[in-house]
Each structure stands twice: as structure tokens, then as C-alpha cells.
2 protein chains.
Amino acid sequence: MPKKYVDLETLKYILYDIHKLEDLLSRERFQEHDLESLDLFIDSVKEFSDRELFPYFKEMDETPAYHKDGTVIVHKQVQKVMHQSGEMGIIAASFDYKDGGLQIPFTALQAAVYVMDAANNHLPGYPSLTQGAAELILEFGNEILKETYVPNMLAGIWGGTMCLTEPQAGSSLSDIVTKATPTKEGYFKISGQKIFISGGDHQFAENIVHLVLARIEGAPKGTKGISLFVVPKNRLKEDGTLEYNDVMTVADFQKMGQRGYCTTHLGFGDSDDCRGWLVGEEHKGLAQMFLMMNGARIAVGRGAAAISMAAYRASLQYANERPQGRKLRSTGKKNPSEKQSLIIEHPDVRRMLLLQKSIVEGSLSLVFLASKYHDIVTTATSKEEKEKYHLLLEMIIPIVKTYPSEAGAESVDNGLQVLGGYGFCADFSLQQYYRDIRISSLYEGTTGIQSQDLLGRKVPMQNGKALELLVSEITKTILAASKDEDLKQYAIILGDKLKQSQKVLSHLMPFAMKGNYERYLADANLFMEYMSIVVLGWLWLEMAVDAKKELTNTNRKYSEIFYESKIHTMKFYFKYEVPKTNSLVESLMNDETLTIKKDKEHII
Amino acid sequence: MPKKYVDLETLKYILYDIHKLEDLLSRERFQEHDLESLDLFIDSVKEFSDRELFPYFKEMDETPAYHKDGTVIVHKQVQKVMHQSGEMGIIAASFDYKDGGLQIPFTALQAAVYVMDAANNHLPGYPSLTQGAAELILEFGNEILKETYVPNMLAGIWGGTMCLTEPQAGSSLSDIVTKATPTKEGYFKISGQKIFISGGDHQFAENIVHLVLARIEGAPKGTKGISLFVVPKNRLKEDGTLEYNDVMTVADFQKMGQRGYCTTHLGFGDSDDCRGWLVGEEHKGLAQMFLMMNGARIAVGRGAAAISMAAYRASLQYANERPQGRKLRSTGKKNPSEKQSLIIEHPDVRRMLLLQKSIVEGSLSLVFLASKYHDIVTTATSKEEKEKYHLLLEMIIPIVKTYPSEAGAESVDNGLQVLGGYGFCADFSLQQYYRDIRISSLYEGTTGIQSQDLLGRKVPMQNGKALELLVSEITKTILAASKDEDLKQYAIILGDKLKQSQKVLSHLMPFAMKGNYERYLADANLFMEYMSIVVLGWLWLEMAVDAKKELTNTNRKYSEIFYESKIHTMKFYFKYEVPKTNSLVESLMNDETLTIKKDKEHII
């Protein structure tokens, strides 16, 4: 196994020096924390991950979760990690003190869970989903629901899930048919099927609290008739004991990757005895769920970013240890009497490693950026601040979900390639990372859905204000970089890319104005790719500006080579990745419509 | 399981109408064949694949080959397919009549084996490698070797392998250390370790004939001291019985994909009783092996092209059956009362399907192109013809190995995405294709190695003559397309791309001239990608020219929509794929060197 699954130095650099976690700590909510205590928190999670997560990474893949006798059998570490996540306060970390939380900044928590994801991405979903479900109850539930469910969830004793998808309704939530029938006792009777439920059941869970989207009888059609319910696997009787709530584990899904994180098919109310309690208002379920969706989408991006980090470290270690081939001499030949080179010395291997580094560290910066916006929104002291960062967050959400997932998969693919034939073999971890990360482009809205969200909802938001705000943030970095002789050229390129994006939008917008939304959105995926590269180019330039400054600082925190490697990787990103915007623009500006169905069938 | 794993109509169209298999049949070697008989041969292999390969595709993944008690246990279909491949003449198909072959054109054989690959890529390697090993013996071995080994190999009774890689020598064959010690009896004593040996052993093989690269004691260092040996697992005694030849199956490699195709680690001469017989001349082993390497590299490209075809058909079927979501109306909204659309109606799904189609059918055309060149080389009647097609073949080999592997993986990735969450689940075949195809970029020289071959050896070959010939072939199609009003614009684009490639080379060549080969080759992978897109653009334009012509032909073979779909896909390729050359050129012309190791360590 590789020795190091995460570059903690870079993580802390990006968290503290680039995204300036300290600035958040002046906010009232976080005033009892200081950098030192948060740093200790991250270190303790790293130590926990070293001990309880990373050693089981391979084993959990080889002995996947499976369905047996009406439950799902998962690896024993699920129990350990759930309980310890409760004990260490990881589940409750970002919640209010009054709810049993620690009021730790969301951003710091993301840093900690990123380390867990990198150590073993099969495990953090169990506590994370529990946290998400608890958050929904705390945000919208009444006091009884809070008291009944939240304490055991935060302690890691009860699990939690989100139940959206149904067999006939995947991305199309308006087609949900799970039924909620009111009773005079106040609860609802729930009946329906939910699929793809992560962490939906396992042998260690005393109870699992499902947050279920369902339709109250007589509700309007479509997404406006969906309500949110708490539906525990076992309901609490008045005497404090649990009784079975008619939530059946029908089956599980065997997956290509992330096999230790169980995915279940649940049946509610097969014996007409499944009770659910409404959370918040009737028919507002989807909006409520989507308020939490931002966190869930950041979490998917974070997980993907972390997997690509672990894969990068593994391939880097291999490249530093494996001798193979020799340097090409000026004759164009190699000298077989020479000692073999380490493969890290071959330009093509360096290219693959630098590509990984640029995606991996760029993705990490993106995750912290989105998390920081999230923290600012929840702690904003003025309406203007709240509004501004809300829009910035909305703009960045589809990108933080998508880029680490898509580019991350490419990054892991390159990591696998670094190992040659061994990369394909079960003895090495790269093939597992390759399989594991692939789910990220599907989870919580596919790349297609995210791209429609970006171009179809976020760009037009408030007449383009969200995009305008993002452009103005990017422009700050461009201005800072312009003042440096070496960085100026990259600032100019990034500025051009911003202008080009405006041209693309001017070209596409008229389709939307004319009501031809299908055409407007047909190439949304390409626009997503374009904007992702621009945002990553920005984040790398931002890092280079800081690194450049620190190189003149005699009292710098990290080594000279550390900062130089950041500048080098920025240059790599601008040489090899940023030019991809050119071809994307050409495709986006090309008016031949080839993907919209016309009269003729079978053209495909 | 999907109903249709291959589009036989398109296969035959590309084989007969685009690459004009019939033209080959006028050659003396093939004169006893006609299109009808070859068509029947392909159909019989399809029928065989339907019956004996496709039904076991999932099962072979779920019950992979494994090492036990000194041998490898493989799925029972291995025996069936080996024997039937012998009986049906698939192994011997392209060999001389005098050697027991059928003198079927290599191109027609590739079409047949492509169908087998698409049906179940875990199986065709067994007969294919046997054929390759037999070919080496027939080409370079003496009469005794031929008589002793070839008949049983062609009959599918004995298997065959190629043994190149050693633990310390992967891509770097000059570091091979397997030893061959001459004896006065004429044979050599072999000792050493070989890894990654496909089909290296299994419980059904009465015998396996290994073609082994080894170094005769005292041989020169490097690749010039490598010789080729026949080393059977069991050697033939004078009485005609077999005795164990001290070839031990040390272990197997468990892989992420293609798990039914065993990969072994062999130990030769552990008990100092392993005999090998020299094939051809001493120290010429690598050159001899590489003569066969062209066929092996076409085979890898063919296999990858076939996997992407099967994945495309599976995702297409799903898209045609799965309802989900609705059309966006001119209000920008969807109407939830409307019936759900089939997902094939969504532009983004159509984009993913058309991307697949363009890669899948383009790759197939590329495989037939390379195969046709191969056939012409082996049957050339003049020195000029032989020389010309030899150069064209050399030029196209690294591309036919690489493009179907790399773009094919992207194609399958898109196929998986079409299925949403189900694509990641074991119940659907997409995740298996996704894992299976990934080995193609590693087999028989990684993409890095192929790219160095293309830019480092093939482009400079005979002062650029090979490239010149390829450009002149492409230009013929450009001229033909220019005469058509609708196709003219694409012809112009392709012409520009050719010119651009010359500019790139003019920019890079001086580095080579100055002896800075490391710099010259540093971005060889990008050049590979560039040239691949140009070649595929050519092949699509060629198909469009033919389709356009046939649309005016009242007596046409296929439906109107069939031809229109080819033109449509060409347009798709030119809108979405060809523009990628722009960013590649920008990176290739950028003189910042970032991947060549300088003094500083740990920049990565």
C-alpha cells in the first residue's frame, strides 16, 4: 500500500494561506475557535483516518456490502467509524451549540472529511449522510422530531439517509409517486419504493432515520406536490423502546466501485404500517431537500477531489520508486549499459503526474472556495453580504460538484497509466480509485443535470448577477497577477477567457429569449467544461500570486520548492488545460444543431 | 442483457463499401475467395459468437480465472472456443494453404474476430495469441519446429503465447535477463521469469507453446542481444508423448477487467530442465517479434474498437427504452402532466450517443484501414507497392493501437453515463465494458510508447516519406469531398488541419535536429491525439462522400436513413471532436518546457 494518501501540507496551505480560514473565525458564530484548535481537529481526524479508515480500504472493496435475510451486511469498520465520528464530534461539528454541535466552520469540517475520503471513500458517507439528514430535521422539523431523532444521530448511534430516487423517477423528481396518507393521529402512512439509497440499512444500525420525499394524497402534480417526511426504520414507542416501522430492505445494488458503501432498495409500507412525520410545510419538500442539496453537492466534489488526491499520491510514490528505461541521448538512442532511470524522470510520466497535481490541488481549492462561500452565507451579517455570497455559492455549486468528478476521473486514469500494466492489477490501488471515483459524475445529479443547472438556472439568475459576481472575483486575481512581471501573461490569458465566455453567452442567450431552451441548453456540458477550466485557471493563478509573494518572504512557512511547485503547476495548467477552452468555444459557437431530435428516427 | 452487441450492417458497409474488400480478392493469394464466401465466414463467426461467446460475457467477469495448485483455472468456454476456433479455421484463416491455412485476407479475419471481441472480449485472446505464436514459428522457424508445433496450434489443441515482459523489464525490453544456455544437443537451456503472460496456462491446455525472448550467454547488451525461442510447457519425447518442460506457473495477476482472460507469471527452468529451441537467427529475436507486433497492435485496437461497439449498442438500447424527464417547453419549463420522454430524445443523451457512434464506427474504419494496408503489403506484386503500403502501415500502426483504446474508453465512459446510476451497477454491462476496455491503453506498448513511436520513429521515417504518403491518401478524400457542395466545408477544415500538422512538425523538428530528443518527444502524446483526430476526420469524410453518392443512387444497398446517419455523424465529429486539434496545437507550439526534469527535485 502507498505510504501517504494525502498531502496534508498542501491541504493546509490551501485552507489557511489561500482561502484564509482565519478570516472566517472573526465571525460571531465561530468566535470560540482559533486556527490552532481547528488545526488540531484536522490532525486528529487524520490520525483517526490513518488508524481506522485507510487500513481497510482494499478490504472493503474485496468484501463488498451485500444483502442477506432482509438486511445489508457491511464491513465492521462501518460501526467503528460511525461511533467514533459521533464521539469525535465529526457528525455534529458544524451544528449549533444549542443542538449539540460545535459550531466549527463548514470549511474546516470539509477539510477534515476530505482527509477521511482520501483515506477510504467507502466509509465517510455513513456519518456524512447522517449529518445531512439531521441537518434537515434541525432546519425544518418541529421540536418533537428534533428531540426524538437528532441526539442519537449526532452520536453516531442512529444512521440517516436521503430518499429521493424511485425506480421510475431518477433525475426526474417530478415523477415521484411514493404516497403519504394523513391519519388522524397526526402521522402519515407511507407507501412506495425508493432506490439507490446510500447507507440505507446495515446490521450495525440500531435505527436508520430516512428523510423521504413523498406525495400527500391529492397534492399537485410535479415537483410542487412533494413533501418531506421523517420515516425511521424503527419507530419509538411511548415506553422508549423501538418497534419495526415497516421499512423493508428489498435488495441492494452491487456496484463497480465504492463497494463498501452500501446502496439499497427500500420498500415503505408493504404491510400498510409505515409511519412518517411531515418535516416543515406540506408540498415544500423538494425545496427543503434542495436547500441541503448544496451541501450534498459540495460533498460529492470533495469526495472526488479526495479520491483523485489519494490516487495521485499512490502513482507519485510508484513513479519515485520504479526504475524503467533510460534517458534519450543526443544521438536519439539510449545506452543500455547505463543504469535505468526512475520513471518519474521521463517527460511523459512527469506530464501525467503534473496533470494529476493540477487537477487534484485545483479541485481541493475549489472545494474550499465553495465551502467558504457556504460559511459566509450562513454567518452573513448584512443582507448585501448574504445575497452576494448566496449568488456566488449558487454559481459555484454545479462546478464544484462536476469538475472534481469529471477531471478527477481523468486524473485517476492518468495515475493508473503511470503504473503501466500494474495499474490494471488488483494488487495496486489505482484500479480501485479508478472504479471508486466513477460514481461521482452520477451522484446527486449527473454531470448533464449539473450543466443544465449551470447554464439554465445559475447563469440567468437575477439577470446574470451571479455570473457577474463570479467574474468580478476572478478579476481581482487577474489584477493582482498583472502586477507581477512573470504572472502577467497568465493574467492576460485568463482575462481573454472571461471575455470569450461572454461572447459565447451572447451567442447562446438569444435562443433562450426566443423560447428555444432546448437549443440554448443542448451544449450545456461544453459550457460547463469551459467555465470549469476558467475557474480552475483562476484558482491556480491565485495560488501562484501567493506563492510568488512568499518566495520573496524570508520568513516563509514552507520551503522554496514548495512554492515553486505551485507556480510550476499553474504554468502547466495554462499550457495544457486552459487551451482546451479554444476547442470548446469553437464547438459552442458552431450553429449546426446535431443533437436535437428532428423528424427522422434512427439517425443515431 | 442487451440484445445486440454489434451493428453488423455498419461493419459490412465499412468493410465492403468503404474499404472495398472485393478489391483485395483480385490478388493471387486470395483468388479462391469471393465476397459471398467471406460474408458467410463472418456470418458463421457471428452465429458462433451469439452461441458460445456472448452468453458467457458476464459470467466470465464474475468468475475470473485464478491460480490454483500450479495451474490457472479458467472458464469452461475457453476450451470450447479454442477448439471451435480451430475447427472453424479461425486460427489458421490467414495462413498459407501449405501450412494448413485458408489464405483468407487478414482484413476479413479482423472483421470476424472483431465480432468475437464485441461478443465477449475475454475469449478471443486465447485463439488469437495462439495464431500469433504459430505465425512466428511459420515465419522464422525451421521445418522441425513447424511440424512439431503448428498443426496442434492451428487445430486449437495447443495454446500459444508471447513472453516478453519481465519483472524488471516492462516497456524497456533491452533489460531482459532471461538466459538461454546452448547445449551440445542443439537445444538451449532456458531460465528466467516472465510476467503479464496472457493465456499463459490453464487447465484445458494439453500444451502451451511459449515464444520467449531471452539472451544467449555472452550476447551483446541491449535489444541487439535478444533471441527468440520456442519453449513449450510440455516437450515432445521421441515416442510422441509429452513430458514436462520445467515451465512453472508461479502466479496469476488478478485484474480490474478482462478477468476471464488469464494473465500469468511464468518461471522457466527452476529445476534446470527447461529446454528452448532457437527460432530464426541468434540475436534477431526482437526484430522477429516486432515483425509480428504490427498484427498484435492492430489486434489491440480491434479489441478496443469492438468493446466500445458493444458498449454503444447497450447504451443505445437503454436510451431507446428508458423513459425519464420531459422536453423543455418554450416557457423554459416542463409539463409534469405530459408523458415522460424516452431519454434518447434529450439532446445531452443524443450528444453522448453520437459521440460514441463517431468513435465506435470511426475506430472500426481505422482497424479495417490498417488491416487492408497489411494485406496489401503481404501480397504486393511490385517493390513500389510493397514499399508504399509498408510505410503507410508503419505510420498507421501506433494510431490504430491508440485511438480505439483511448477514445474507445471515453466512448464507453459516455455509454455508462447514458444509463445514469444504473451504469455503475453490476446488473448492467456498461460497468464491465468500462473496466474491460481500460487495459487496451496498456497492452502491447502503452499510449506513451505508441506516441513516441509515432513522432520519434514513424514521422522521421525515410525523411518523412511515410507521413507524406498518408497526407497524400487523405488529400484524395479531401479532393473528392471538395466536389460536393455540402461536404466542401468539411474538406476545407480537414485540409487546414493537415497544414497545421506540418506547422507543428516544423516547430518541433529543430529540437530533434539539435539532438534534443527529449524535448522533441516531450509532448508526443499530444501529437498522437492530434494526428488521430485528423485521421478519424479523414475516415469520416470518406464515409460521408460515399454516403452522399449512394443517396442519389436509386439502387442503393441500405436505407436512406442509414446513409444519412453516416453523414450526420461525420458532421458531429467535425463539430465536437475536430476542434480539439486547436487546443492541441496551442499546447504543442507553446515553448515553455515543464515536463523535462531540471535540477530541482520535488517540483511534482
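Computed from a predicted structure; not experimentally measured.

Colleague: Can you walk me through the overall build of chain A in this structure?
Modeller: Within chain A, the regular secondary structure consists of 19 helices and twelve strands. The globule rule puts the C-alpha radius of gyration for 604 residues at 25 Å, and the 25 Å found for chain A is close to it. Relative to its full complement of 604 residues, chain A shows a buried share of 64%. For chain A, the share of sequence-separated contacts (at least 6 apart) that also reach a separation of at least 24 residues comes to 74%. Between the mean site of the 70 positive side-chain charges and the mean site of the 79 negative ones, chain A shows a separation of 6 Å.

Colleague: It is not clear to me how a nonpolar patch on the surface should be interpreted in this structure. Could you clarify?
Modeller: Residues A:Tyr244, A:Met248 and A:Val250 make up a contiguous nonpolar surface patch of roughly 240 Å² in combined accessible area. Among the secondary structure elements, A:Tyr244 is positioned in strand S9 (residues 242-244).

Colleague: Would you mind showing me how to read the interface of chain B and chain A here?
Modeller: Think of interface size as the accessible area that goes away when the parts come together; that is how it is often given. Facing 96 residues of chain B, the contacting portion of chain A comprises 96 residues. Taken together, the two surfaces of chain B and chain A that pack against each other cover about 8,900 Å², and 58% of this comes from carbon and sulfur. For the chain B face of the interface with chain A, the top three residues by lost area are B:Phe424, B:Lys575 and B:Ile604, together amounting to 10%. At the boundary of chain B with chain A, the tally comes to six salt bridges. The closest approach of N and O atoms between A:Asp413 and B:Arg438, which form a salt bridge, is 2.6 Å. No other element matches the nine residues that helix H18 (residues 560-577) of chain B contributes to the side of chain B that touches chain A. Tallied by class, the residues present in the side of chain B that touches chain A amount to 35 nonpolar, 33 polar and 28 charged.

Colleague: Help me understand the nonpolar core, please; the structure alone is not making it clear to me.
Modeller: Considering soluble globular proteins, one finds that nonpolar side chains tend to be buried as a cluster. By size, the foremost hydrophobic cluster in this structure holds 390 residues, and its most contacted members are A:Leu211, A:Leu366, B:Leu211 and B:Leu366. The element best represented in this core is helix H9 (residues 285-321) of chain B, accounting for 19 residues. Residues within four places of A:Leu211 in sequence aside, it is in contact with A:Ala133, A:Leu136, A:Ile137, A:Thr161, A:Met162, A:Cys163, A:Leu228, A:Phe229, A:Val230, A:Val279 and A:Met289.

Colleague: Can you help me understand the pattern of salt bridges in this one?
Modeller: A side chain with one charge can pair with a side chain of the opposite charge if their charged atoms come near. Throughout the structure, instances matching the rule amount to 82 salt bridges over all chains. Residue A:Asp43 is joined to A:Lys12 by a salt bridge in which the shortest nitrogen-to-oxygen separation is 2.7 Å. Of this pair, A:Asp43 sits in helix H3 (residues 35-52) while A:Lys12 sits in helix H1 (residues 8-18), placing them 31 residues apart in sequence. Where B:Lys12 meets B:Asp39, a salt bridge forms, and the shortest distance between an N and an O atom there is 3.1 Å.

Colleague: What am I meant to see in the pairing of strand S7 (residues 227-232) of chain A here?
Modeller: Consecutive side chains along a regular strand alternate between the two faces of the sheet. Residue and element names in this part refer to chain A. Buried residues dominate S7, accounting for six of its six residues. Burial of S7 is two-sided: the residues Ser227, Phe229 and Val231 facing one way and the residues Leu228, Val230 and Pro232 facing the other way are all buried. Of the pairings in the sheet, the one linking strand S6 (residues 208-216) to S7 comprises six bridges and is antiparallel in character. Paired with His210 across the strands is Val231, a residue of S7. One ladder, built from two bridges, connects S7 with strand S12 (residues 275-278); its direction is antiparallel. Across the sheet, residue Phe229 finds its bridge partner in S12, namely Leu278.

Colleague: What am I meant to see in the confidence of the model for chain A here?
Modeller: Detailed conclusions should not be drawn from predicted coordinates in areas where pLDDT is low. Per-residue confidence for chain A gives a mean pLDDT of 96, with 99% of residues at or over 70. Under the prediction, the complex receives an ipTM of 0.97, its pTM being 0.97.

Colleague: Can you help me understand the relation of the copies chain B and chain A in this one?
Modeller: Copies of the same chain, two in number, are related to each other by a rotation about an axis and a translation along it. Placing chain B over chain A gives an RMSD of 0.0 Å and needs a rotation angle of 180°, together with 0.0 Å of translation along the axis. On this basis, the relationship between the two copies can be described by a two-fold rotation axis. A shared interface surface links the copies, since 100% of the contact residues of chain B are contact residues in chain A too.

Colleague: Looking at this structure, how should I read helix H7 (residues 125-140) of chain A?
Modeller: Working note: α-helix, 3.6 residues per turn, so residues spaced by three or four point in the same direction. An ideal rise of 1.5 Å per residue puts 22 Å on 16 residues; H7(A) measures up with 22 Å between its terminal C-alpha atoms. Taking burial as the measure, the 16 residues of H7(A) include twelve buried ones, the bulk of the element.

Colleague: Honestly, the packing of aromatic side chains in this entry has me stumped. Any pointers?
Modeller: For any two aromatic rings, the description comes down to two numbers: the centre-to-centre distance and the angle of the planes. Under the definition given, this model contains 39 aromatic pairs over all chains. Where B:Tyr13 meets B:Phe562, the ring centres are 5.2 Å apart and the plane angle is 90°; that geometry is what we call edge-to-face. Placement of B:Tyr13 in helix H1 (residues 8-18) and of B:Phe562 in helix H18 is noted, with a sequence separation of 549 residues between them. Through a chain of ring-to-ring contacts, three or more aromatic side chains come together here, namely A:Phe196, A:Phe253, B:Tyr318, B:Tyr422 and B:Phe428. Sitting above the plane of the A:Phe562 ring, A:Lys566 keeps its charged end 4.5 Å from the centroid.

Colleague: What is the right way to read unusual backbone geometry from this model?
Modeller: Leaving glycine out, the prevailing phi sign among residues is negative, and the prevailing peptide bond configuration is trans. In the Ramachandran plot, A:Phe196 falls in the positive-phi region, its phi being about 60° despite a non-glycine side chain. Despite not being glycine, A:Gln258 has its phi angle at roughly 45°, a positive value.

Colleague: Even after reading the chapter, I still don't get the packing of H1(B) against helix H3 (residues 35-52) of chain B, so can you show me in this structure?
Modeller: Residue and element names in this part refer to chain B. Relative to each other, H1 and H3 sit at 150°, their axes nearing to 13 Å. In this view, H1 runs roughly antiparallel relative to H3, as classed from their interaxial angle. Read as a crossing pair, H1 and H3 show a hand that is right-handed. Here Leu8, Lys12, Leu15 and Tyr16 of H1 lie close against H3, whose contacting residues are Leu35, Leu38, Asp39, Ile42, Asp43 and Lys46. In terms of residue class, the contact of H1 with H3 is built from six nonpolar, no polar and four charged.

Conventions and cut-offs
Along each chain, numbering runs from 1 in the same order as the chain's sequence is written. Written order decides the labels, with chains lettered from A and ligands numbered from 1. The model is predicted, so local features are restricted to residues of pLDDT at least 70 and side-chain atom pairs to those at 80 or more, both for listing and for counting; the totals for chains, interfaces and linings are taken over all residues. Side-chain figures throughout are based on the complete set of non-hydrogen atoms in the structure, without hydrogens or water. Secondary structure elements follow DSSP: runs of H or I no shorter than four residues count as helices, runs of E no shorter than two count as strands, and numbering proceeds from the N terminus. C-alpha atoms define the radius of gyration, and 2.2 Å times the number of residues to the power 0.38 defines the globule rule. Three exposure classes are used, based on accessible area relative to the maximum for each residue type with a 1.4 Å probe and protein chains only: buried under 20%, partly exposed in between, and exposed over 50%. Should any heavy atoms of two residues lie within 4.5 Å, those residues are counted as being in contact. A residue counts as positive if it is Lys or Arg and as negative if it is Asp or Glu; His and the chain ends are not included. In this description, the location of a charge corresponds to atom NZ of lysine, CZ of arginine, CG of aspartate or CD of glutamate. Residues enter patches when they are more than 30% accessible in relative terms and free of salt bridges; like-charged ones are connected within 9 Å and nonpolar ones (Val, Leu, Ile, Met, Phe, Trp, Tyr) within 5 Å. Areas reported here follow the Shrake-Rupley algorithm with a probe of radius 1.4 Å; residue values treat only the protein chains shown as occluding. Salt-bridge detection follows one rule: a side-chain nitrogen of Lys or Arg within 4 Å of a carboxyl oxygen of Asp or Glu. Buried area: the accessible surface (1.4 Å probe) lost by two parts on joining, summed over both. Put simply, Ala, Val, Leu, Ile, Met, Phe, Trp, Tyr, Cys and Pro go in the nonpolar bin, Asp, Glu, Lys and Arg in the charged bin, and everything else, Gly too, in the polar bin. Nonpolar core, defined: a set of buried Ala, Val, Leu, Ile, Met, Phe, Trp, Tyr and Cys residues in which side-chain atoms within 4.5 Å join the residues together. Should DSSP find at least two bridges between two strands, the strands are regarded as paired. pLDDT is a residue-level measure of predictor confidence that goes from 0 to 100. Superposing the copies works by least squares over the C-alpha atoms of residues that have pLDDT at least 70 in both of them. In this scheme, a helix's expected span is set at 1.5 Å multiplied by one less than its residue total. Between the rings of Phe, Tyr and Trp (Trp by its six-membered ring), a pair exists once the centres lie within 6.5 Å; its type follows the angle of the planes, with under 30 degrees stacked, over 60 edge-to-face, and the other angles tilted. For a Lys NZ or an Arg CZ to count as sitting over a ring, it must be within 6 Å of the ring centre and within 35 degrees of the ring normal. Here the axes come from fitting lines to C-alpha atoms, over the contacting stretch only for helices, and the angles between their N-to-C directions go from 0 to 180 degrees. When an angle is under 35 degrees it counts as roughly parallel; over 145 it counts as roughly antiparallel; between 65 and 115 it counts as roughly perpendicular; any other value is oblique. In this scheme, a crossing is called left-handed if the near helix is turned counterclockwise away from the far one by less than a right angle; it is called right-handed if the turn is clockwise.

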